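Understanding the architecture of this molecule
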Amino acid sequence: MGFARACSVALVGVEGVVVEVQADLEPGVAAFTLVGLPDKSLVESRDRVRAAVVNSGGEWPQKKLTVGLSPASVPKSGSGFDLAVAAAVLGAAERIDPRAIADLVLIGELGLDGRVRPVRGVLPAVLAAAEAGYRQVVVPERTAGEASLVPGVSVLGVRSLRQLIAVLTDEPVPDEPQEPGPGRPDPMLAGLLVPGAGVGTGLAIGAGSPEHRPDLADVAGQDAARTALEVSAAGGHHLLLHGPPGAGKTMLAERLPGVLPPLTEQESLEVTAVHSVAGMLPPGEPLVRSAPYCAPHHSATMQSLVGGGNGLPRPGAVSLAHRGVLFLDEAPEFSGRALDALRQPLESGHVVVARSAGVVRLPARFLMILAANPCPCGRHTLHGAGCECPPSVIRRYQSRLSGPLLDRVDLRVGVQPVGRADLLEQGGRGESTAVVAARVREARARSAHRLAGSPWAVNSEVPGHELRTRWPVEPGALDAAERDLERGLLTARGVDRVLRVAWTVADLAGRDRPRARDVALALELRTGVARGTVAAAGAAS
């Protein structure tokens with residue numbers, strides 16, 4: 001009787017669970033049994049592993065073979081267990097030393113010819129293995145760079161099962177087929193990227209050469225909206241842009257990721273893990289360093305926004321926008337259920353999706369940008385434009401954005417049509433993305449220094465009670481906000497959010513605490529009512 005074990009990782013959402021793959025050989029009729037809650041793609045690994053072993057020069061044991069995946073109570077899915085199953089079978093057949101694979105974590109899919117194909121979710125799988133105490137992992141060669149992002153783990157990238165056997169048995173490593181030449185498709189990348197997850201879907205990461213990225217200098221006029229965009233980036237505040245079509249709402253939203261500071265090392269690992277599971281990591285770029293940008297179509301369902309799918313839920317748009325921007329264009333056209341499902345992740349920074357197959361916690365700390373027209377035809381606020389929408393239709397259209405959702409949006413700015421002078425004359429051009437991004441980085445550094453030692457990173461995360469007690473504003477600065485609270489124009493949550501925005505305005509201006517003018521600008525950005533402040537880019541200073 002032969003027995004051997006190896007290890008692999010089962011992904012539950014974006015978190016991993018180390019699974020022990022046990023292989024047992026007993027005398028009897030040749031059979032291959034796989035147990036431990038495998039799904040359809042994992043059950044099919046029996047045929048893939050058998051063909052891969054034979055085509056790699058190995059001999060398939062003609063005995064009763066049982067492969068168990070432990071813990072058996074955790075659902076397993078995907079083809080990433082193939083390599084671990086093959087290693088355990090070869091260890092039980094004494095083709096390789098069972099002790100050499102006992103503490104080895106193996107992740108990868110096997111082709112029928114023995115090639116090791118890459119799979120999605122390698123980074124979170126290796127992170128789970130490292131947290132469990134494993135220090136040696138074997139992954140497909142194409143994803144070795146992604147696995148190497150985890151510190152303290154020795155990574156071996158293999159191209160074929162034959163190569164892995166040679167390494168484990170100290171035999172000469174065989175020559176492998178060369179990579180396809182320039183211009184030829186690489187079949188080994190199939191399955192790594194989800195079809196259609198490119199730039200055109202609105203799920204693209206903010207990658208690309210700097211000279212081709214959208215620049216704020218392209219936006220003509222819109223001083224108030226540019227100020228709101230800068231405050232949003234500096235403090236992590238959600239933003240609503242409302243105005244007629246063609247005023248520049250989408251242009252502004254697309255340029256927000258370039259204003260945000262680069263991701264920290266920890267944030268990069270979080271974002272890369274989510275995009276790895278979703279199959280959106282571009283080849284050759286294993287680490288996401290810039291803020292992601294996700295812009296789903298207004299026909300998106302609630303499950304596509306917060307997460308869903310067959311079996312255990314997969315990351316939705318809110319998770320794909322983690323540490324980045326979620327842009328909802330034509331926000332009133334989204335279904336009410338989909339929009340209201342965003343309330344909880346907006347507050348907590350994560351989303352808990354419960355399904356019959358299990359409960360999954362997905363990261364979802366994003367910056368939400370809403371764009372909305374004033375009415376179905378979009379001409380309601382334009383003088384002489386001929387809007388024919390009845391008042392009841394306009395009220396119904398605007399009420400699609402519920403009060404509880406809007407109460408979580410700190411900044412609400414009207415975007416008016418650009419005049420001829422701003423559009424055609426160079427004097428209407430504003431500051432570039434680089435200039436605004438530099439001010440945002442300085443403001444973020446100022447707030448980070450103030451919040452050092454606390455669990456919060458940006459002003460939008462700080463509870464109102466902490467702001468009022470630990471970091472007081474100048475005496476009398478909140479008088480205007482308190483009057484609006486007494487009149488019912490602001491809720492208690494609204495006052496807290498005004499206070500957070502005021503702190504961000506003060507950080508952009510380089511002040512140690514907000515003044516009455518900062519609170520007035522915060523109130524103007526939230527309510528849209530003029531308070532005598534100059535809402536222009538850089539006016540905060």
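Residues numbered from 1 in each chain as written. Predicted model: local features only at pLDDT ≥ 70, side-chain atom pairs only at ≥ 80, totals over all residues. Heavy atoms only, no water.

1. Digging into the overall build of the protein
Looking only at helices and strands, the protein features 23 helices and 16 strands. Out of the 541 residues in the protein, the part that is buried amounts to 51%. Of all intrachain contacts in the protein linking residues separated by at least 6 positions in sequence, the fraction that spans at least 24 positions is 72%. (Helix = DSSP H or I, 4+ residues; strand = E, 2+ residues; numbered from the N terminus. Buried < 20%, exposed > 50% of the residue type's maximum accessible area, 1.4 Å probe, protein only. Contact = heavy atoms within 4.5 Å.)

2. Some thoughts on the nonpolar core
Grouped together as the largest cluster of nonpolar side chains are 53 residues, with contacts concentrated most on Leu239, Leu241, Ile369 and Val519. When residues in this core are grouped by element, the largest group, eight residues, is from helix α22 (residues 492-509). Residues contacting Ile369, with those up to four places away along its chain left out, are Ser232, Leu239, Leu241, Ala253, Leu256, Val325, Leu326, Phe327 and Leu328. Core analysis: the next-biggest nonpolar cluster, separate from the first, contains 39 residues, Ala6, Phe32, Ala52 and Leu106 among them. (Core = buried A, V, L, I, M, F, W, Y, C linked by side-chain atoms within 4.5 Å.)

3. Focus on the packing of aromatic side chains
Scanning all chains against the criterion turns up two aromatic pairs. Note on Phe32 and Trp60: the rings are 5.6 Å apart at their centroids and 40° apart in plane angle, and the pair reads as tilted. With Phe32 in strand β3 (residues 31-35) and Trp60 in the loop between α2 (45-55) and β4 (64-70), the pair connects residues that are 28 residues apart, well separated along the chain. Each member of the pair Phe32 and Trp60 is classed as buried. For the ring pair Tyr293 and Phe327, a centre distance of 6.5 Å and an interplane angle of 25° mean the geometry is stacked. Of this pair, Tyr293 sits in strand β11 (residues 293-294) while Phe327 sits in strand β12 (residues 325-328), placing them 34 residues apart in sequence. A residue is classified by how much of its surface remains accessible, and Tyr293, at 14% relative accessible area, is buried. According to the relative accessible area criterion, Phe327 is buried, its value standing at 2%. (Phe/Tyr/Trp six-rings, centres within 6.5 Å; stacked < 30°, edge-to-face > 60°.)

4. Looking at the pattern of salt bridges
In this structure the tally under the stated criterion is 28 salt bridges. Ionic pairing is found between Glu474 and Arg515, a salt bridge with its closest N-O pair at 3.8 Å. Taken as a pair, Glu474 in the loop between α20 (464-469) and α21 (479-486) and Arg515 in the loop between α22 and α23 (516-527) lie far apart in primary sequence, 41 residues in all. A relative accessible area of 28% places Glu474 in the partly exposed class. In this structure Arg515 comes out as partly exposed when scored by relative accessible area, which is 42%. Counted as one network, the salt bridges with shared partners bring together Glu347, Asp407, Arg408, Asp410, Arg493, Arg497 and Arg526. (Salt bridge = Lys/Arg side-chain N within 4 Å of Asp/Glu carboxyl O.)

5. Re helix α3 (residues 82-92)
Within α3, eleven of the eleven residues are buried, leaving the element largely enclosed by the surrounding structure. Looking one or two residues past α3, Glu94 carries a phi angle of roughly 65°, positive in sign.

6. Re the sheet that holds strand β16 (residues 411-414)
Taken in spatial order, the five strands make up an open sheet running β11-β12-β15-β10-β16, and their pairing is parallel. The sheet terminates laterally at β11 and β16, the two strands that pair on one side only. As paired strands, β11 and β12 are joined by two bridges and run parallel to one another. In the sheet register, Cys294 faces β12, and the bridge partner there is Leu326. (Pairing = 2+ DSSP bridges.)

7. Some thoughts on α23
Compared with an ideal rise of 1.5 Å per residue, which puts twelve residues at 16 Å, α23 spans 16 Å between its outermost C-alpha atoms and is within 8% of the ideal. The element α23 is extensively covered by neighbouring structure, given that nine of its twelve residues are classed as buried. Along α23, the residues that are buried comprise Asp518, Val519, Ala520, Leu521, Ala522, Leu523, Glu524, Leu525 and Arg526. (Expected span 1.5 Å × (residues − 1).)

8. Concerning unusual backbone geometry
Look at the link from Ser70 to Pro71: it is a cis peptide, with omega at 10°. In this structure, Pro71 sits in the loop between β4 and α3. The phi dihedral of Asp170 is positive, around 55°, even though this residue is not glycine. Following the sequence through the fold, Asp170 ends up in the loop between α7 (161-168) and α8 (223-235). Given a relative accessible area of 72%, Asp170 falls into the exposed group. With a phi close to 55°, Glu330 is a non-glycine residue in the positive phi region.

9. Quick word on the packing of helix α5 (residues 122-131) against helix α11 (residues 265-278)
At a minimum axis distance of 7 Å, the contact between α5 and α11 shows a crossing angle of 120°. With respect to each other, α5 and α11 are oriented oblique. Judged by residue contacts, Val122, Leu123 and Pro124 of α5 engage Leu269, Thr272, Ala273, Ser276 and Val277 from α11. For the contact of α5 with α11, the per-class residue count stands at six nonpolar, two polar and no charged. (Axes fitted to C-alpha atoms, helices over the stretch in contact; angles between N-to-C directions. Parallel < 35°, antiparallel > 145°, perpendicular 65-115°, else oblique. Nonpolar A, V, L, I, M, F, W, Y, C, P; charged D, E, K, R; others polar.)

10. Some thoughts on the packing of α3 against α7
Between α3 and α7, whose axes approach to 12 Å, the crossing angle comes to 50°. Regarding the angle of α3 to α7, the classification is oblique. Crossing geometry of α3 relative to α7 is assigned as right-handed. Taken together, the residues of α7 that come into contact with α3 (itself represented by Leu83, Ala86 and Leu90) are Leu161, Leu164 and Ile165. Residues of the contact of α3 with α7, tallied by class, amount to six nonpolar, no polar and no charged. (Left-handed = near helix turned anticlockwise from the far one by under 90°.)

11. Overview of the confidence of the model for the protein
Scored by pLDDT, the protein has a mean of 86; 88% of the residues are at 70 or more. Looking across the protein, the model is least confident in helix α18 (residues 420-424), with a mean pLDDT of 67, and most confident in strand β5 (residues 105-106), with 97. Ignoring residues within four places in sequence, the model shows residues 196-209, a span with pLDDT below 50, making 27 contacts including any to other chains. Throughout residues 534-541 the model reports pLDDT below 50, and contacts reaching past four residues in sequence, or to other chains, amount to 23 contacts. (pLDDT = per-residue confidence, 0-100.)

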